[in-house]
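Take a look at the letters that make up each chain.
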Amino acid sequence: DVVFNTSTPIWETVGHTAPRADREDWKKFLAALPSVEERERDAELDGRILRGHEIVVANLEQLKRVVRFLVSSTFTDTNEERNLFLGDVMPALQLLGRKLKLEVFMAEMRWGIRKEAGDQHLTAEICMRELARCLRESVGISYVFIAAQKYGFRPFPRLIPEKLFTELLEKMADKDRTLLKEWFKLDENALPGDDAGEEKKWEGPREFYGTAPGASGRFYVLQSQSKLKEGEDWWPLFERMQVSLRGAALTCFPYETSEEGLRDPANKHFAQRFVISVTEEEFKRGLLWVSPQRQKEQTLVLQRNFKEQAPDKDWIDMIDGKVDTAAQQLLSRQIAMIPPHVPTSTYTPPGDSNKAGLDKQKPEDRAYLRKVCDDFGESVAKSMAQGAQKLAVTRDETVDEAGHHLLFAVVRADKFCDTETTGKVVAAVQEYLSRRPDGSGQAFVVHGRSGAGKTYLMSKIMVGHIEERAGKGCVVIRFLGTSPASSAVQPLLSSLCKQLRRCYDKDEQVPSGFKELKAYFRKAVAEWPSEEQPLTLFIDSVDQLDDSNAGRRLEWLPMSGLSPHVRLVVSTLPDPDNAEFQCLAQLRKGLGLADGASEGSCIVEVETISDHIRVLRHLLKLQGRTLTPEQEAAVDAAFLLRGENDDAAGTPLWLTIVAQFLALWTSYDGVKFEINPSVRGLIKDLFERLETTHGKHLVRAVLAFLTLCRRSGVSETELVHLLSLDDDVLADIYEWWVPSMRTCPPLVLTMLLAELAPYLSRRGDGSGQQLVSWYHRQFWEAAEEYLFGESGQQREGFISREERHTQLADFFAGKWAGKAKPYSAWLSERVQRPQFCPGE
């Protein structure tokens, strides 16, 4: 059953006759934007990158071609503005983004946060994480504040630092102290901020989050509402705890929680979080505590004050049927803190003393809404143009490709953990690299099963070798399959030849034909390196090449007869049974090793990890976490149960997945569930946990699109549009709120991809978009079985491979471009609820 969308386009509800992108005033505005002019590249830095001598992350990282901003406000009183931003302005901004080669995302917090997250009191933290992502990634505007006439919800924090919680308890009555102890438990699995690894990045002032230097790092954690007894109501308990905690904070920290202290920009004390609203916390993080330059260029304030306003809880703070004067005072003083250089537009709709809010039947309210949308759209568009200008450097594909692989190595080397097993491999490769020329001219091969940590190990070796070389010679690095130019042998050889040509300052142009490329590459490796300018070439994961031009036969790669001034290190998986192209066998053949012959001094295997608990602790430390002895023992038991027939059991990949699970365990959880000793089983468990957290329809759709697009990749924007065409995904997401148009909020996808990040590869496609794909073979094979295999077919709501391919084909063919897609019965029921869109 389907229902056709017959609703009025949202821009028509405010008096427009066409979408923004087709309106003459918008076209005129865009025509007046300054054109983007490319600037010259840094030739010295490019030279260091091409020769493989640059390992400073800041010099290798490129700004993302993304404009991502959070719209911050209370919800019920800004619904009209938000809906118009989404339905009228954002489509036009996304079209502009295509022209400027930028992806554009508006972070919307009204929907996409599931009931499970709400029950665990995670809503505010999700908001702050999304704001942090906007501040971190956006090259344009990152924060938009709609200052209306509601101050907003003032919950107490879910996490309270150990020492501060103890101080607050001392100022409470016995019954309140007992209630707080019942609902808060101490988590001792958190590391002190000073001991947390590189990944523990504090977004904003550390003292505001209770992680200032010297703090224990441990927090008391508010327990889930699932702890409620049958028939027990959460909100009376919440109000009791809110009053107790706020009162204790006011007593213990009188200045920090006073009106004077709250308006002091230098006050970043944790205690104010018991007093201020979630919206003010966003305001401080997104606007007040950023640099003056960011305030001028990447923030926006839209301030609306009705001339007359009837009291209504949806439009102004109310308590016991009266205006909440305390909240209104907090709001007015918060707004007074906006620095004068922050771009601000002020609006004074007439309002009505008898009826609260906006009425789109009134010409003056429609005029206000048109004006605020124009100002918002033009401000964001200008910031996009400025962001595009920041990124406007003359493109150099050869340098960009070399820099991508260098950065890939540096980031992974920084997270590498040495063990006795890896130490043997590192020593063997280092001995090969430092070996005096002996005439053998052989390459060196590192092999190990999937998930054995070869890429991280190779990264550590690469960076160590670059440091040892200290600027001498050329070091050329490729991680195959992590970029379009390293996924097939012909573009790989082309990029390698172009880099070598510039490293050795040769005039010979790089050919385009595959046969000619092979000859050019062999000549470059054989003839150009010298004693003064030696060459080290690292090629990781040759098994990741596709089948074009028989790339995995490796006939293009000279494994012996190398120049005395050349070192070549290659890594690969073991050969699968009955595979047409067996990379390890081909490499052995190239080294002159017969089948079954000993490996000798030119080949080494990455064996099963020797110190799994040490590696686990390292992975957890990167996330600022640790485990209890009981929890560590559970990991140890699962490690020892690994099966010999499980290709990746007991590997660093297994430990990485385990660490991601266990980072969520608190000390008081004990062993929450049995840890699967199989990698495939563990990945299945991960997928099922993601379904619980994010919803089965969303997770299965994203896993399917990542898996079916694993070779070419798929952009985050494309995923958002694909999900927006999936009625089951939308119906599930529209649990609490319904937008004004068929769309999937980017937030839900962003949160899911963040949890999958350790297992994904991101690479540019030349158009400004980053393409996302699986990095580990184990994941795409596990996803294939989970979604389309026998077990997948038995799951409720199974969608076949053919149906998913049809969804992809319909989207990329533009089947629904410019036309309304019919609703399924479930989605129709969701959107036609009386409180949302009864007439749709």
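Quantities reported herein were computed from a predicted structural model and do not represent experimental measurements.

Regarding the packing of helix 6 (residues 123-137) against helix 28 (residues 746-756)
Move 1: Across the interface, helix 6 lies against helix 28 with an axial gap of 12 Å and an inter-helix angle of 85°. The orientation of helix 6 with respect to helix 28, classified from their angle, is roughly perpendicular. Counted together, I126, E130 and R133 of helix 6 and L747, T750, M751 and A754 of helix 28 form the full contact between these two elements.
Move 2: Among the residues forming the contact of helix 6 with helix 28, the class breakdown is four nonpolar, one polar and two charged.

Some points on the side chain of R552
Move 1: You can see R552 is positioned in the loop between strand 16 (535-540) and strand 17 (566-572).
Move 2: Overall, R552 belongs to the buried group, its relative accessible area being 16%.

Describing the sheet that holds strand 5 (residues 159-161)
Note: strands within a sheet are paired through backbone hydrogen bonds, in either parallel or antiparallel orientation.
Move 1: One open sheet accounts for three strands, arranged 5-7-6; its pairing is antiparallel. Each of the sheet's edge strands pairs with one partner strand only, and the pair in question is strand 5 and strand 6 (184-187). Each strand axis lies, on average, 30° off the axis of its neighbour in the sheet, ignoring direction.
Move 2: Two elements, strand 6 and strand 7 (residues 219-222), share four bridges in a ladder whose sense is antiparallel. Residue pairing across strands places D187 opposite F219, the latter belonging to strand 7.

A short note on the packing of aromatic side chains
Move 1: All chains considered together, the criterion is met by 32 aromatic pairs.
Move 2: Between W234 and F238, the aromatic rings sit 6.2 Å apart at their centres with planes inclined by 45°, giving tilted as the arrangement. Of the two residues, W234 and F238 both sit in helix 9 (residues 234-252), four residues apart, roughly one turn of that helix. Residues W234 and F238 agree in their burial class; the two are buried.
Move 3: With centroids separated by 5.1 Å and ring planes inclined at 80°, the aromatic side chains of W665 and F673 adopt a geometry described as edge-to-face.
Move 4: W665 sits in the buried class, given a relative accessible area of 1%.
Move 5: The ring of W183 carries K227 above its face, with NZ or CZ at 4.6 Å from the centroid.
Move 6: Here the basic side chain of R795 rests over the ring of Y786, its NZ or CZ set 3.8 Å away from the ring centre.

Here's the deal with the sheet that holds strand 21 (residues 770-774)
Move 1: Pairing is antiparallel across the open sheet formed by three strands, whose spatial order is 19-21-20. Of all strands in the sheet, those with a lone pairing partner are strand 19 (714-715) and strand 20 (760-764), marking the two edges.
Move 2: Here strand 19 pairs with strand 21 via two bridges, running antiparallel. Counted as the bridge partner of S715 is L771 from strand 21.

Remarks on the pattern of salt bridges
Move 1: With the rule as written, the count across this model stands at 53 salt bridges.
Move 2: Between K684 and E688 there is a salt bridge; the shortest N-O distance is 2.8 Å. Here E688 and K684 lie together in helix 24 (residues 679-694), a separation of four residues that amounts to about one turn.
Move 3: Given the relative accessible area of 34%, K684 is considered partly exposed.
Move 4: What makes E688 partly exposed here is its relative accessible area of 31%.
Move 5: One salt bridge in this structure joins D727 and K821, with 3.4 Å as the shortest N-O distance. A residue pair is termed long-range when its members are at least 10 positions apart, and D727 in helix 27 (residues 727-733) and K821 in the loop between helix 31 (801-812) and strand 22 (823-824) qualify at 94 residues. Exposure class is identical for D727 and K821. Each is buried.
Move 6: Here the residues in one salt-bridge network are K64, R68, E137, E716 and R762, joined through shared partners.

Concerning the packing of helix 15 (residues 397-414) against helix 18 (residues 489-503)
Move 1: Their axes nearest at 10 Å, the elements helix 15 and helix 18 cross at an angle of 100°. Between helix 15 and helix 18, the interaxial angle falls into the category roughly perpendicular. Facing T398, V399, E401 and A402 of helix 15, the residues of helix 18 in contact are S495, K498, Q499 and R502.

What about the confidence of the model for the protein?
Move 1: Confidence in the prediction for the protein averages 90 pLDDT; 93% of positions are at 70 or higher.
Move 2: At the level of individual helices and strands, the protein shows its lowest average pLDDT in strand 1 (residues 2-3), which scores 45, and its highest in strand 8 (residues 299-304), which scores 98.
Move 3: Scored below 50 in pLDDT, residues 196-202 shows 14 contacts in the model against residues more than four places distant or in partner chains.

Cut-off values and rules
Residues numbered from 1 in each chain as written. Predicted model: local features only at pLDDT ≥ 70, side-chain atom pairs only at ≥ 80, totals over all residues. Heavy atoms only, no water. Axes fitted to C-alpha atoms, helices over the stretch in contact; angles between N-to-C directions. Helix = DSSP H or I, 4+ residues; strand = E, 2+ residues; numbered from the N terminus. Parallel < 35°, antiparallel > 145°, perpendicular 65-115°, else oblique. Contact = heavy atoms within 4.5 Å. Nonpolar A, V, L, I, M, F, W, Y, C, P; charged D, E, K, R; others polar. Buried < 20%, exposed > 50% of the residue type's maximum accessible area, 1.4 Å probe, protein only. Pairing = 2+ DSSP bridges. Phe/Tyr/Trp six-rings, centres within 6.5 Å; stacked < 30°, edge-to-face > 60°. Lys NZ or Arg CZ within 6 Å of the ring centre and 35° of its normal. Salt bridge = Lys/Arg side-chain N within 4 Å of Asp/Glu carboxyl O. pLDDT = per-residue confidence, 0-100.

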